[in-house]
Amino acid sequence: MGLAADNIRSLTEQLPAGVSLVAVSKTYPAETIAEAYAAGQRIFGESRPLEMRDKYEALPKDIEWHMIGHLQTNKVKYIVPFVSLIHSADSRRLIEAVDACAARCGRTVDVLLEVHVAAEESKSGWEPSELVSYVESGEWRKLRNVRFRGVMGIATNTDDIGRIRADFEALARIKSELGAYFDQTFDTLSMGMSDDYEIAIECGSTMVRIGSRIFGARTYR
């Protein structure tokens with residue numbers, strides 16, 4: 001076993017009960033994912049639909065694949081047949097596209113509502129007021145092939161711990177507010193990455209997305 005396996009074990013031991021680990025495997029080869037799999041990791045996060053599809057086809061079928069990156073509606077068809085959770089449901093149009101594709105596949109697909117709280121325009125996600133209006137409208141109730149599981153968000157990329165904590169606290173409040181409209185399966189708060197997951201857990205995260213702390217520095221092609 002190599003570094004990824006050791007890091008998986010170390011992280012798993014650190015995480016409190018009730019917090020799931022998504023190993024962010026985007027850009028890493030299938031061989032590296034297989035090493036983490038051998039160490040017991042079963043949830044992997046990807047951000048490119050075609051890359052995720054290729055890894056799904058190459059790796060064991062009991063892996064839970066999570067889509068964590070921005071998802072275009074025309075790429076939905078590549079992942080809906082097998083994806084376990086879409087973290088980045090950031091618009092009404094995307095959610096409706098997932099629902100339609102899932103219906104054709106005879107599946108119900110779990111999604112998280114991505115909320116934009118960071119002080120960076122480049123981050124995607126619903127504006128909080130826009131999301132609350134959508135949920136309050138009840139439009140989502142007509143969808144039969146998506147299941148709303150909770151909220152996802154990314155904190156501002158800064159060294160200001162106070163700002164990071166405020167972003168996570170805002171996400172937790174939004175998740176709590178929206179929970180009144182859903183049932184008990186609306187139970188997931190996906191927030192926290194390699195550099196800030198400990199703060200996220202303090203603020204109520206139930207799912208952390210960690211890549212470089214497991215697999216090492218990422219090389220983008």
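Overview of the structure. Nothing here was measured: the structure is a model prediction, and the numbers come from that model. (Residues numbered from 1 in each chain as written. Predicted model: local features only at pLDDT ≥ 70, side-chain atom pairs only at ≥ 80, totals over all residues. Heavy atoms only, no water.)

### Here we look at the overall build of the protein
For step 1, the next point in the chain: A tally of helices and strands in the protein yields nine helices and eight strands.
For step 2, the next point in the chain: Its C-alpha radius of gyration of 17 Å places the protein within 12% of the 17 Å reference for a compact globule of 221 residues.
For step 3, the next point in the chain: Based on the C-alpha atoms only, the size of the protein along its principal axes is roughly 50 × 45 × 35 Å.
For step 4, the next point in the chain: A total of 221 residues make up the protein; the buried ones form 51% of that total.
For step 5, the next point in the chain: Sequence separation of at least 24 residues holds for 58% of the intrachain contacts in the protein that already meet a minimum separation of 6. (Helix = DSSP H or I, 4+ residues; strand = E, 2+ residues; numbered from the N terminus. Rg over C-alpha atoms; globule rule 2.2 N^0.38 Å. Buried < 20%, exposed > 50% of the residue type's maximum accessible area, 1.4 Å probe, protein only. Contact = heavy atoms within 4.5 Å.)

### Re the nonpolar core
For step 1, the next point in the chain: F148 and L178 are the most contacted members of the largest nonpolar core, which has 66 residues in total.
For step 2, the next point in the chain: Beyond its immediate stretch of four places on either side in the chain, L178 contacts L113, L131, V132, V135, V151 and F186.
For step 3, the next point in the chain: I43, L85, M152 and M207 belong to the second largest nonpolar core, which has six residues in total. (Core = buried A, V, L, I, M, F, W, Y, C linked by side-chain atoms within 4.5 Å.)

### So, unusual backbone geometry
For step 1, the next point in the chain: For T27, which is not glycine, the phi torsion reads 75 degrees and is therefore positive.
For step 2, the next point in the chain: Within the secondary structure layout, T27 lies in the loop between β1 (20-24) and α2 (30-38).

### What about the pairing of β1?
For step 1, the next point in the chain: Most of β1 sits inside the fold, with four of its five residues counted as buried.
For step 2, the next point in the chain: For β1 and strand β8 (residues 207-210), the ladder comprises four bridges, and the chain directions are parallel. What sits directly across from A23, in β8, is I210.
For step 3, the next point in the chain: Regarding topology, α2 serves as the crossover connection from β1 to the parallel strand β2 (residues 43-46), and that connection is right-handed. (Pairing = 2+ DSSP bridges. Right-handed = clockwise from strand over helix to strand, strands pointing away.)

### Section: the state of the cysteines
For step 1, the next point in the chain: Scanning all chains against the criterion turns up zero disulfides.
For step 2, the next point in the chain: Not part of a disulfide, C101 finds its nearest cysteine sulfur in C105, a span of 4.4 Å. (Disulfide = S-S within 2.5 Å.)

### Comments concerning the environment of L178
For step 1, the next point in the chain: Tracing the backbone through its elements, the reader meets L178 in helix α7 (residues 161-179).
For step 2, the next point in the chain: It is 12 Å that separates the C-alpha atoms of L178 and L112, two residues lying 66 residues apart in sequence.

### With respect to the side chain of N7
For step 1, the next point in the chain: Here N7 shows up in helix α1 (residues 3-14).
For step 2, the next point in the chain: Residues contacting N7, with those up to four places away along its chain left out, are R213 and I214.

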